Amino acid sequence: MIMVKRMSDAVLDPASLRKAEDFRWAGVDSRRYKEENAAPFKAVSRQVLFSDPRLAGELRYFEVEPDGYSTLERHEHMHAVMILRGEGQVLVGTIVHAVKPHDLITIPPWTWHQFRPAPGEKLGFLCLVNADRDRPQLPTLEELSALRADLEVAHFLDGVNKDESAGRR
Ligand code: MN
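Described below are features of the structure shown in this document. (Residues numbered from 1 in each chain as written. Predicted model: local features only at pLDDT ≥ 70, side-chain atom pairs only at ≥ 80, totals over all residues.)

### Focus: the overall build of the protein
Within the protein, the secondary structure is distributed over four helices and 11 strands. Residues classed as buried in the protein amount to 16% of the 169 residues present. Long-range pairs, those at least 24 residues apart, make up 62% of the contacts in the protein with a sequence separation of at least 6. (Helix = DSSP H or I, 4+ residues; strand = E, 2+ residues; numbered from the N terminus. Buried ≥ 20, exposed ≤ 12 C-beta atoms within 10 Å, placed from the backbone. Contact = placed C-beta atoms within 7 Å.)

### Focus: the pairing of strand β11 (residues 123-130)
Where strand β5 (residues 57-69) lies against β11, eight bridges are found, and the strand directions are antiparallel. Directly across from Glu58, in β11, lies its bridge partner Val129. Here strand β6 (residues 79-85) runs beside β11; their pairing, made up of five bridges, is antiparallel. Bridge pairing links Arg85 to Gly124 in β11. (Pairing = 2+ DSSP bridges.)

### Quick notes on the sheet that holds strand β8 (residues 95-99)
Ordered by their spatial adjacency, three strands build an open sheet running β8-β7-β10, and the pairing between neighbours is antiparallel. Each edge of the open sheet is held by one strand with a lone partner, namely β8 and β10 (113-117). Strand after strand, the sheet turns through a mean of 20° between neighbouring axes, direction not considered. Note that strand β7 (residues 88-92) and β10 share five bridges and pair antiparallel. Paired with Val90 across the bridge in β10 is Phe115. (Axes fitted to C-alpha atoms, helices over the stretch in contact; angles between N-to-C directions.)

### Details of unusual backbone geometry
For Asp22, which is not glycine, the phi dihedral falls at a positive 50°. Looking at where Asp22 falls in the secondary structure, it is placed in the loop between β1 (20-21) and β2 (24-25). Overall, Asp22 belongs to the exposed group, with 5 C-beta atoms counted inside 10 Å. Positive phi, normally seen in glycine, also occurs at Ala43, with a value near 55°. Mapped onto the fold, Ala43 is located in strand β4 (residues 42-51).

### Digging into the pairing of β4
In regular strands, side chains alternate between the two faces of the sheet. In the sheet, strand β3 (residues 31-32) pairs with β4 via two bridges, with the strands oriented antiparallel. Across the sheet, the residue bridging to Arg32 is Ser45, located in β4. Hairpin connection from β4 to β5: five residues lie between these consecutive antiparallel strands.

### Some thoughts on the sheet that holds β4
Reading across from one edge, β3-β4-β5-β11-β6-β9 is the order of the six strands in this open sheet, with antiparallel pairing throughout. Each edge of the open sheet is held by one strand with a lone partner, namely β3 and β9 (104-107).

### Some points on the environment of Pro117
Tracing the backbone shows Pro117 in strand β10. For Pro117, a count of 24 C-beta atoms within 10 Å gives the class buried. A C-alpha to C-alpha distance of 9.7 Å links Pro117 and Ala98, two positions 19 residues apart in sequence. Apart from the residues within four sequence positions on either side, Pro117 is in contact with Val64, Pro66, Gly68, Gly86, Gly88, Lys122 and Leu123.

### Things to note about the nonpolar core
Ranked by size, the top nonpolar core spans 14 residues in total, and within it Val64, Val90, Leu91, Phe115, Leu123 and Phe125 carry the most contacts. Those elements giving two or more residues to this core turn out to be β5, β6, β7 and β11. When neighbours within four sequence positions are excluded, Phe115 is seen to be in contact with Val64, Tyr69, Ser70, Gly88, Val90, Leu123 and Phe125. (Core = buried A, V, L, I, M, F, W, Y, C linked by C-beta atoms within 7 Å.)

Here it is as structure tokens:
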């Protein structure tokens, strides 16, 4: 049987409204992005904004510090991402995209992806996923060298800014 909440209950439920302040949400823990040593990443925090058994999805907010990066990974589940803070680059498959606030990024199934802030910027983004999802895969050495065959992708993976690398040529 589905319990239907009266409007007054919703208003009284402190979890119904979480006020935002400088990219932190009231009552939401800022956690480590992943377990230490679970996968390569650097300087990323995670806030789970919505996770409820009555929803089939979860909405998370990730923030990458200026010299950080998310894990280079792929998986069957999709990501729907909106940039909220800062500028940076996103690798989707073999394409490096420049991104800025309010840009939307779709990560299709089984597509390599990684997020990196621009120099001196924090890159913060919302990420919508299925609540029930498969675990990410990391690239093998062969898959990594195949990705690196593209010079732009190699520069991205080395954390070399696009403008810097353009100036160096
Ligand atoms: Mn992912």
